[in-house]
Amino acid sequence: MKFESSRLPEIVRKALVMKNTALIWAIIAFSIAFVVAGPNLTPDVRNFAIEIGYQAQLYEIQDACITPGTHNVLRFDFLSKNMGDSDFVVGRPVDRPDLFYYDPAHQHYHMKQFNQYKLYDTKGNLVIPSTKPGFCLDDAEQVLPNAGPAKFPSSCLATEIMGISAGWADVYYADLPCQFLVIDGVPDGDYTLVASTNTAQAVPEDTFADNTISRG
Ligand SMILES: [Ca+2]
Ligand SMILES: [Zn+2]
């Protein structure tokens, strides 16, 4: 939410000089309507766990997020929270082929590279690139106490509008397919997970300044 702190006091000050209560209230109402704006996604991560010797599943191999065999994986929950004042609405996959693709392994539609997870070392070198290819948004968890009811189901259908309601989060739980980074051969040490949402900024938000987080 954009709040132009320098403007409001100036407007209110001028209105007070005019000693016109109705005008003050009109200006305050207009200012609130102006600053209470659109959707705003911000990411979060939690529940980190390293799994040694994970057996890659066929549908994960088909999605190219892992190769056949056993691997060591770093798992975590990823949340894309809509902390804004209005719903984050992407639209229907059938209308937006620029944003969605059909995943034959899942037999439904995903958003392309909507969220990204990358692992960096302490020198800022990319150690593990993002590999989870697709995302199907829905209202999974309420994150603001004043949020309305959930509106967006997890259907991933071509003709269903995909989105995240204001005050709700889309969540990828740590045990979901491809919800990990493969860390085979990564030596012990300190690393930073950099996670982003609406990464391509293809859907408008109040601000993109809070769309990437780092967790050491
Ligand atoms: Ca944002
Ligand atoms: Zn899917």
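As the structure is a computational prediction, the values presented were derived from the model and not from experiment. (Residues numbered from 1 in each chain as written. Chains lettered and ligands numbered in written order. Predicted model: local features only at pLDDT ≥ 70, side-chain atom pairs only at ≥ 80, totals over all residues.)

### Digging into the overall build of the protein
So, point 1. The secondary structure content of the protein amounts to three helices and 14 strands.
So, point 2. Within the protein, the proportion of its 216 residues that are buried is 25%.
So, point 3. For the protein, contacts bridging at least 24 residues in sequence account for 70% of all contacts bridging at least 6. (Helix = DSSP H or I, 4+ residues; strand = E, 2+ residues; numbered from the N terminus. Buried ≥ 20, exposed ≤ 12 C-beta atoms within 10 Å, placed from the backbone. Contact = placed C-beta atoms within 7 Å.)

### A word on unusual backbone geometry
So, point 1. With phi around 60°, asparagine 47 is a residue other than glycine that occupies positive phi space.
So, point 2. Tracing the backbone shows asparagine 47 in strand β1 (residues 41-55).
So, point 3. You will see that glutamine 113, though not glycine, has its phi angle at about 50°, which is positive.
So, point 4. Position of glutamine 113 relative to the elements: it lies in the loop between β5 (108-112) and β6 (116-121).
So, point 5. Classification of glutamine 113 by C-beta neighbours within 10 Å gives partly exposed; the count is 16.

### Some thoughts on the sheet that holds strand β13 (residues 191-196)
In a beta sheet, neighbouring strands pair by backbone hydrogen bonds and run either parallel or antiparallel.
So, point 1. One open sheet holds the four strands; their spatial order is β7-β6-β13-β14, and the pairing between them is antiparallel. Two strands lie at the open edges of the sheet, namely β7 (126-128) and β14 (212-215), each paired on one side alone. Each adjacent strand pair in this sheet contributes to an overall mean axis angle of 35°, direction not counted.
So, point 2. Where β13 meets β14, four bridges bridge the pair, whose relative direction is antiparallel. Counted as the bridge partner of leucine 193 is arginine 215 from β14. (Pairing = 2+ DSSP bridges. Axes fitted to C-alpha atoms, helices over the stretch in contact; angles between N-to-C directions.)

### Some points on the nonpolar core
So, point 1. Residues Phe78, Met111, Phe135, Cys136, Leu137, Ile164 and Ala169 are the most contacted members of the largest nonpolar core, which totals 28 residues.
So, point 2. Secondary structure elements with two or more residues in this core: β2 (70-82), β3 (88-91), β5, β10 (162-164), β11 (168-172) and β12 (180-182).
So, point 3. In terms of residues, this core owes the most to one element, β11, which gives four residues.
So, point 4. The residues touching phenylalanine 135, leaving out its near neighbours within four places in the chain, are His110, Met111, Phe114 and Asn115. (Core = buried A, V, L, I, M, F, W, Y, C linked by C-beta atoms within 7 Å.)

### A look at the sheet that holds strand β4 (residues 100-103)
So, point 1. Taken together, three strands build an open sheet; the order of strands is β4-β5-β8 and the sheet is antiparallel. The sheet is open, and its two borders are formed by β4 and β8 (134-135), each paired with just one other strand.
So, point 2. In the sheet, β4 pairs with β5 via four bridges, with the strands oriented antiparallel. From the neighbouring strand, tyrosine 102 faces β5, where its bridge partner is tyrosine 109.

### Things to note about the confidence of the model for the protein
So, point 1. For the protein, the mean per-residue pLDDT works out to 88, and 83% of the residues sit at or above 70.
So, point 2. Across residues 1-17, confidence stays below pLDDT 50; counting only partners more than four residues off in sequence or on other chains, it has 22 contacts. (pLDDT = per-residue confidence, 0-100.)

### Brief notes about the environment of histidine 71
So, point 1. Its place among the elements puts histidine 71 in strand β2.
So, point 2. In sequence terms histidine 71 and alanine 56 are 15 residues apart; their C-alpha atoms lie 7.2 Å from each other.
So, point 3. What histidine 71 contacts, discounting residues up to four positions off in sequence, is Tyr54, Ala56, Ile66, Val182 and Asp184.

### Observations regarding the environment of alanine 49
So, point 1. On the secondary structure map, alanine 49 appears in strand β1.
So, point 2. With 12 C-beta atoms packed within 10 Å, alanine 49 lands in the exposed category.
So, point 3. Once the C-alpha coordinates of alanine 49 and alanine 174 are considered, the two residues, 125 residues apart in sequence, prove to be 8.2 Å apart.
So, point 4. When neighbours within four sequence positions are excluded, alanine 49 is seen to be in contact with Arg75 and Ala174.

### With respect to the pairing of β2
So, point 1. Of the pairings in the sheet, the one linking β1 to β2 comprises 11 bridges and is antiparallel in character. Along β2, the bridge assignment pairs glutamate 51 with valine 73.
So, point 2. Pairing analysis gives three bridges linking β2 to β12, with the strands arranged antiparallel. Each bridged residue has a counterpart across the sheet, and for valine 73 the counterpart in β12 is valine 182.
So, point 3. The pairing of β2 with β11 spans four bridges and is classified as antiparallel. Of the residues in β11, the one forming a bridge with serine 80 is aspartate 170.

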